[in-house]
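What the coordinates show
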Amino acid sequence: MAEAGRPSAELRAAGLALAAGKAPFSETVQAGEIVGLSGLDGHGQERFLETLAGLHPPRSGEVVVSDGGAGARVEGFRQAVRHGIAYLPRDRRATGIFPALSILDNFAIATIGRDVRGGLISRRSRRERYQKFHRQLSIVAPNPRAPITALSGGNQQKVLLARWLAHDPRFLLLNDPTRGVDIATRQTLYGVFRELAREGVALVILSSEIEEIVTLCDRVLVFRENELFATLSGQALDSDRVIAAMFGKRQ
Amino acid sequence: MTAVTDSTARRPGIVWLMWRRTGFAPLLLLVLLVLNVVLNPVRFAPGNWGTLIGLAAPLIGAALASTPAILGGRGGIDVSVGPLMGFVNAIVVKVMITELGMSSPFVIVPAALLIGAAVGAVNGFLAAYVRIQPIVATLGTYLVLVGVTLTILPSPMGSVPAWLKLFSGSLSIVPLAAIFLIWWGIRRLPYYDHLMATGSDDRAAYTAGVDVPLVRFLSYVVTGVFAGIAGLMLTALIGSADGNIAPTYTLIAISAVALGGVSLAGGRGGLLGAAIGAICIFLIQSVLTLFNVSTFVLQIAYGAILVIAICLTAIQDRIEKRARQR
Amino acid sequence: MRVHLNSTGARVAGAILIAVLLFLAGSALIEGYSSAFSIRAMLVLACLLAVACVGQTLTIIIGGIDLSIPFVIGFANVVAAQLYGDGMNFVLVCAIVGVLALGIGALNGAISAGLNLHPLIVTLGIGTIVQGAVLVWTRGFPSGSAPEAVTKFVSIGGSVGPIPVPWLIPAFIALSVVIIVVLNRTPYGRRLFALGSNPRAAALALINPLRMWIVTFALSAFFAAVAGVLLLGFTGSAYGDVGQPYLFQTIAAVVIGGTALVGGRGSFLGTVAGAVVLTQINTLLIGLGLQPSLVQAALGLVIIVLVSLYGREAHVRATI
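Let me sum up the structure you'll find in this document.

Analysis parameters
- Residues numbered from 1 in each chain as written.
- Chains lettered and ligands numbered in written order.
- Predicted model: local features only at pLDDT ≥ 70, side-chain atom pairs only at ≥ 80, totals over all residues.
- Contact = placed C-beta atoms within 7 Å.
- Helix = DSSP H or I, 4+ residues; strand = E, 2+ residues; numbered from the N terminus.
- Pairing = 2+ DSSP bridges.
- Axes fitted to C-alpha atoms, helices over the stretch in contact; angles between N-to-C directions.
- Buried ≥ 20, exposed ≤ 12 C-beta atoms within 10 Å, placed from the backbone.
- Right-handed = clockwise from strand over helix to strand, strands pointing away.

1. Here we look at the interface of chain B and chain C
- With 44 residues of chain B at the contact, the number on the chain C side is 44 residues.
- Contributing elements (two or more residues each) for the side of chain B that touches chain C: α7 (134–152), α11 (202–207), α13 (249–259) and α15 (295–325) of chain B.
- Among the elements that line the side of chain B that touches chain C, the one with the most residues is α7 of chain B, at 14 residues.

2. Some remarks on the sheet that holds strand β2 (residues 25–30) of chain A
- Strand order in the open sheet formed by four strands is β2-β1-β4-β5 (chain A), with antiparallel pairing between adjacent strands. Whereas interior strands pair on both sides, the edge strands pair on one side only; in this sheet they are β2 and β5 (72–73) of chain A.

3. Observations concerning the sheet that holds strand β12 (residues 227–233) of chain A
All names here are of chain A.
- The mixed open sheet is built from six strands, whose spatial order is β6-β9-β10-β3-β11-β12. A single partner strand is all that each edge strand has here, and the edge strands are β6 (85–88) and β12. Neighbour-to-neighbour, the strand axes of the sheet open up by a mean angle of 20°, direction not taken into account.
- Pairing geometry for strand β11 (residues 219–224) and β12, over six bridges, is antiparallel. Bridge pairing in β12 links F223 to L228.
- Contacting β3 (34–39), β9 (171–175) and β10 (202–206), helix α7 (residues 183–198) crosses the sheet at an angle of about 145° to β10.

4. Considerations on the pairing of β10 of chain A
Residues and elements named next belong to chain A.
- Summarising burial for β10: five of the five residues are buried, a large majority.
- Along β10, one buried face is formed by A202, V204 and L206 and the opposite face, lined by L203 and I205, is buried too.
- Two elements, β3 and β10, share four bridges in a ladder whose sense is parallel. By the bridge assignment for β10, G36 is matched with I205.
- One ladder, built from five bridges, connects β9 with β10; its direction is parallel. The partner of L172 across the bridge, within β10, is L203.
- Once the chain exits β9 it traverses α7 before rejoining the sheet at β10, and the crossover so formed is right-handed.

This is the structure:
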């Protein structure tokens, strides 16, 4: 259900192998779809997500991003971002937040060019852009000029999500987005993800919470030993089957 | 490509291990050594080794002294090593030998070690417990030591007893051996593991129960003790008290340490690498003086070799990492 | 409250407060300390130091350090004098020196960031090469002098219209405003802080570390060169080691001004306050009749005391 004016976009992995000697696979993520990635820690799902984001060159095969027309091969992170891909990293503290900077700075840093008026950052433009996401994600932060470290983990995560939503991504790749996040915030985030999918964004969510991907996703890819082991969707998608697949049991 | 890297990984020869431990420096050392011996066989004849080592000793000592504090990580560094050597030199020659008439090795050696340990303890206290950034804390002690040294010793003076002179000649290897012996002892202690753990990831070390501030504090004390010994070596070499020579050792020593593959970020490298780095610098100076090159060119060469060597080490690291990932 | 006390703003305020207290102490203890001439002299010296500190502030915020500053100062000082002495147009001289300095700095940044090497050692190595090259070029005996205009620009006795300070002072104030605005209100400034605050997150937030390091270290060398040319005007003749005192003084001024050596926090206003503090301590101690060597020792003590008052780092416990 692509939004009017937006041709349907897709992110396609073609003949992708995650490690040497591993079976290649192909997979396509469509606009409006929520795809879950699962597997025991270190079994390739994270590698797959990062490969989609252009952070790793694929061992073989390619990742192609297309927004309706001709596709472009993903060759690096910055180029991937230019084609509408956004990636929310896993470890908030190590690779997400800038602890010394304010909430506003943390929000605006990846889209900072949009606030520039005559060479200088317009504080007003930045604040207005932030306000939109402040409401949409119901970020609990009394003062946006406070350092980001003053926020709870869940609200820090919302600010990081806002950083990428500000990019208007077509594809949102989320690496364990609810890790260390409280229940209330999780519900908010789920609502946001569903809303984004309705607007035609394609979401790929890696999660260590099986319940979460089962309820949230249209389709779940289970990885095992750096290979795509099973794809579950519709009636076949439930926790037991995901767990079984994680441990390598064929149904 | 894969097959090649795999086969080398399976057969880690001694050269490979040396390379990994100390980077590019051993190769450079070998080249420089051969060059020096071929060009100047007289100077490098076995009979002259004592004097030769004595000439290089203060620099090697300064590099060895700089290492423990750097290994501790999180910006750990002691820029006061050079001035501390000068301070030891001034106290020993001016105060102890000239003014107090004490010239027994059994007084002077412990005194030098004690001064070193005390200054090291001050540095360690400031860096590890007061938590001033190490480069700033030791810069403070740098200025204090230079100031005090020049105050008690406005101009070069004095002479040293015969036994101390031996340490720049036939016995020149002894103080260096002493440093390595102490370090060898430290490596047998759990402290060494704690130091390396702190240097590579202090948060993980802290969570694992390591007393991180204490470990860092002690690393500065060890640095101080080594600097005390290096101060004695300097005193033996110049045979007098001179407040202006020692401070120049600080930056060369840090260069030597980096050249020897000791990571300035901490947790990687060791005394052997630092010594190799220092010897390299000494040999560079030696070979260029031989060519009668002006000290100016010598400086360019020394800077260039330093930059090129650390670049090559970094590139080497990178290739190695890439090979491991495949 | 604790957060507040540790904030950069509080540290800057602390540095300014200390500068004021030092001035009051100096005025009380030393006759003539608050005389017009003495204030002018201190202002000029502090400005020269602060110009040299511009680059140190930027490189420390990005999470590095620049030890090549004294060498580049000496380089600019000698090369400018030599070229001008050879009869070259001074504007052209400045352009050549500026471009060369930018190149030196860019090399510092490119090697440090490109190969992930510690800038301390890279800048030291490059600085040594630069110094050696200058010595070879001048055969150790630099000659030449500064044009009249530069000498007047920094002269303690100079005046801007009716105001009895040299043009250096208003020019420096303008420069400071520009730097502060750049740091706070431009994409470059915000990216600089972000990169210093968390380099791993920066790459994922579309910040190009290599480019940032090259630009920042190039700027650092450029301002060191500016300081070198100004010092040429101040001392009147070329001297290759003129920058040496600035090696540690720039670091001390930046740290006293509340910029953290771990990167990501700091301000140029603080650095200016730090430069004023250092200049005053120097003047004060000499005014009290201390020998130069003891002045140095006391300076070391003061730096330790000041930084331990408000420049302390977090306990490792607090970083987990």
